[in-house]
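These are the residues of each chain, in order.
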Amino acid sequence: MRLILILLALPFFSIGQNHQQFKFDGPAILIHGGAGGIERKYYTDEQIVSYDSALRAVLQSGYALLDEGANGMDVVVHCLTLLENDPHFNAGKGAVFNDMGEVELDASVMNGATKKAGAVAGLKHVKNPAKLARDVMDHTPHVLLIGAGAEAFAKTQAHEFVENKYFLTPKRESQYQRWKEMKKNGTVGVVIKDANGDLYAGTSTGGMMGKKYGRVGDVPIIGAGTYADNNGAAVSCTGHGEYFIRENVAFQVNARMQYEGLTLEESASRVIFGVLNEDAGNGGLIAIDAKGNATWTFNSKGMFRGAKGKMKESQKVMIHTDIFGDPTWPENCGF
Ligand code: ASP
C-alpha cells in the first residue's frame, strides 16, 4: 500500500522541469523558501539538515493551527512571520541587499474566498512585512502601500520597528560583496486550504541581491507573485520577479484553469515551463486548489519547499520537504 501511495505521488523530473503533485483531503499547507541556483554541491550536510528542520518547523506549526480549525489567513501570516524571522531565508531577517547595501522588503497576502488582498513594498524598518500586508488588507481601502507611507501606516497599527541592520546577516554581507556574480534569488511563500475549504496565499521577500534602490519585484504585485481564488487556486511564486510581473504568473495559473479548463498541475507546468523557462523567468511556485490538488513546480535547479496534509488515498497525514531538483523523495517523506 505504501509503495502504491509513493508511486501515485512520484515526482516528474526532466532537465529544468521539476514538478510534483499531491492530493490532499481537508486542510493542507505548502510552503517555499525560494528558488534559484540551489544545487547540492553548494551545501554541506549540516546546512541541508538545518534548512530542512527550518521548513519542517514551519509546516508543523502551521498545520497544527489548521488542524484546530484556524482561519487560513491567520495561518498564512503566522507561517510567513516564522519564515521572516528565520535568517535561513531571503525575507525579513536574512534578506538580500539592494545596490546601496540596504534591505528593502516586499510582501503580500490574498484571501481566495473574498478576493481581498494586501501588499507592501520597499519597507526598511518593519520587522514583519507580511503582518503589515494583512493590515493593509484589513484596515485600509487600498491594496498596496509603499515605502515611507507604508511605514507611517505601520506606526498606526503598532508594528514592531527595527534598525535596517537588524535584517543583515554575515552570510548576506559576504554575498553582497559578490552580488554581481551571484544573481541570488530567495523569497518565502505559503499557500493554504483551511478547514472551511477556503484558499489563501502569501509571499514575502527581500527581492533580488543587488537590486536597484527602489526596485519592486513581483511579490507585492497581486497576480504576479501572489494570487488566491477559491474558483482556481492559491499560488505563491519565487524567482526572477521581472518576468513574473510581465507574465502575471500567479493570476495566469488561475486564468488557465478557469478559462482554458486545465488542471492545476497542467496550468502550473504550462506557465513555468512554457511561458517562462530557466533563462527567462528562472523560478517556480507552490499552489493548491479547492479540491485539495496541490503542486510545486519549478524550472530552476532547486527550490526550498515543503507540504503537510492528509493524503486523499491513504487518509494519512504526510509531511514532505525537499530542496534540490534531484529529489530525496521518497526518503524525505514521512507519514
Ligand atoms: N521574486 C522575488 C523578486 O523578484 C525574488 C525571489 O523570489 O527570489 O523580488
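For the structure, check the block above.
Okay, so let's go over this structure.

Calculation notes
Residues numbered from 1 in each chain as written. Predicted model: local features only at pLDDT ≥ 70, side-chain atom pairs only at ≥ 80, totals over all residues. Helix = DSSP H or I, 4+ residues; strand = E, 2+ residues; numbered from the N terminus. Buried ≥ 20, exposed ≤ 12 C-beta atoms within 10 Å, placed from the backbone. Contact = placed C-beta atoms within 7 Å. Pairing = 2+ DSSP bridges. Axes fitted to C-alpha atoms, helices over the stretch in contact; angles between N-to-C directions. Parallel < 35°, antiparallel > 145°, perpendicular 65-115°, else oblique. Left-handed = near helix turned anticlockwise from the far one by under 90°. Nonpolar A, V, L, I, M, F, W, Y, C, P; charged D, E, K, R; others polar.

1. Here's the deal with the overall build of the protein
A count of helical and extended segments in the protein gives ten helices and 14 strands. Considering the protein as a whole, with its 335 residues, one finds that 53% of them fall into the buried category. Relative to all contacts within the protein whose residues are 6 or more apart in sequence, the contacts with residues 24 or more apart total 70%.

2. Things to note about the pairing of strand β9 (residues 233–239)
Counting buried positions along β9 yields seven of seven residues, so the element is predominantly enclosed. Here β9 shows a buried face lined by Ala-233, Val-235, Cys-237 and Gly-239 and a second buried face lined by Ala-234, Ser-236 and Thr-238. Sheet topology note: the strand β8 (residues 226–228)/β9 ladder contains three bridges and is antiparallel. Residue pairing in the sheet places Tyr-227 in a bridge with Val-235 of β9.

3. A closer look at helix α9 (residues 249–260)
Listed as buried for α9 are Val-249, Ala-250, Gln-252, Val-253, Asn-254, Arg-256 and Met-257. Elements that come into contact with the buried residues of α9 comprise β8, β9, α8 (241–246), α10 (264–275) and β10 (283–289). Just downstream of α9, Gly-261 is the residue with a positive phi angle, here 75 degrees.

4. So, the packing of α9 against α10
As a packed pair, α9 and α10 sit with axes 9 Å apart at the nearest point and diverge in direction by 135 degrees. The orientation of α9 with respect to α10, classified from their angle, is oblique. In the packing of α9 onto α10, the handedness of the crossing is right-handed. On α10, the residues touching Val-249, Gln-252, Val-253, Arg-256 and Met-257 of α9 are Leu-264, Ser-267, Ala-268, Arg-270, Val-271 and Val-275. When grouped by side-chain class, the residues that make up the contact of α9 with α10 number seven nonpolar, two polar and two charged.

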